[in-house]
Amino acid sequence: MVAVDLVSSCRAFVCVSEVGSFTQGAAAADVPQPVASRRIAALERHLGDRLFDRSTRRANPTPFGRDMLPWARRLVQLADAMEQDAQRARLRPLPMAVPTTCTTRDLAELDAEARAHELFLEFRPASPSERSELVRVREVRAALTAVPADEGCWTVPLGLASAVELRPGAIHLDTLRIGRSGRSPRRRIWIQPEDDVPHVRDHLVRLRDAVGLRPTQVTVVDALSSAVAEVLGSADLLLCSAAQAREFGLQWRPMAELRLARGFDVTADPGDDAERLRTQLWEGIARCVGSSGTAESA
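Basis of the calculations
- Residues numbered from 1 in each chain as written.
- Predicted model: local features only at pLDDT ≥ 70, side-chain atom pairs only at ≥ 80, totals over all residues.
- Heavy atoms only, no water.
- Pairing = 2+ DSSP bridges.
- Helix = DSSP H or I, 4+ residues; strand = E, 2+ residues; numbered from the N terminus.
- Axes fitted to C-alpha atoms, helices over the stretch in contact; angles between N-to-C directions.
- Parallel < 35°, antiparallel > 145°, perpendicular 65-115°, else oblique.
- Contact = heavy atoms within 4.5 Å.
- Salt bridge = Lys/Arg side-chain N within 4 Å of Asp/Glu carboxyl O.
- Buried < 20%, exposed > 50% of the residue type's maximum accessible area, 1.4 Å probe, protein only.

Here we come to the pairing of strand β11 (residues 260-268). When strand β5 (residues 142-147) meets β11, the two strands line up antiparallel, connected through six bridges. If you follow Ala142 over to β11, its bridge partner there is Ala268. Sheet analysis places strand β6 (residues 154-162) next to β11, joined by five bridges and oriented antiparallel. Considered in β11, the bridge of Val156 is made with Arg262.

Running from N to C, helix α5 (residues 104-115) and helix α11 (residues 282-289) cross one another at 170 degrees; their axes reach a closest spacing of 9 Å. By the angle between their axes, α5 is roughly antiparallel relative to α11. Contact with α5, carried on its side by Asp106, Leu107, Glu109, Leu110 and Glu113, involves Gly284, Ile285, Arg287 and Cys288 of α11 and no other residues of that element.

This next bit is on the pattern of salt bridges. Taken as a whole and judged by the stated rule, the model has 18 salt bridges. Here Asp265 and Arg278 are joined by a salt bridge, their closest N and O atoms 2.9 Å apart. On the criterion of sequence distance, the pair formed by Asp265 in strand β11 and Arg278 in helix α10 (residues 273-280) is long-range, its members being 13 residues apart. One salt bridge in this structure joins Arg278 and Glu275, with 3.4 Å as the shortest N-O distance. Here the residue Arg278 and the residue Glu275 both occupy positions in helix α10, the gap between them amounting to three residues, near one helical turn. Of the residues examined, Glu275 reaches a relative accessible area of 44% and is grouped as partly exposed. Linked by salt bridges that have partners in common, Arg105, Glu109, Glu113 and Arg287 make up one network.

Okay, here's the thing in structure tokens:
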């Protein structure tokens, strides 16, 4: 007899013993009377002796049944306690590190979507390096980590955004060169914290050097708000996604010489948390990070 049958049979045995009736005991166990009778008969075969004296109208336990009753109660109580603990464990919040670029609205929608799958998320906005560290030291159980675009479950194309009018088409970085006279306005490209990762930053720095821009024309900034402020007050450019450009009221264009993209994947404690996030919450996470692909294409 498998464990679940043993528990169900013991539950029927306890309920019938407590009320002294197969009919009322079956109702207490929330099963039809014939089912309760079959379960008790199966338990008797499993234990090797009769549990009830069936010679009277009342369901009285036999001496053997009275000896087994405390054990049956204990097994039923342990099974009930296990189910309660399992429910509490399912409802336990899952702390998750997310990019600081995720908006409150998108995170709220992701939280609501997760609850439908009995996942209760607690968000910790952090930079790419901080997200990796948080999951490494187990301050969170999962993190949306930054990875190269070709390794990501979600990808977000990057381009350049400006507060001034941009010509149609892609931006050529060599047009940002300062002439020999030094009279050309110095336009800088600001890299926000989310893109301060080798697979984005280093490619852009190499392109900067290749087209002859000055080192200070590609700069990493400590806070996104500071980068946006620089762009709003000048002809500078912000490396960002198209969705971010719309959020900040900026014009956005791709780069002509280079195709950059953010890549994201889930890093989680051992278990099925990572796979559940990748599959059940793929679309919600895509909205949060600004990915426009589909689960199938990923």
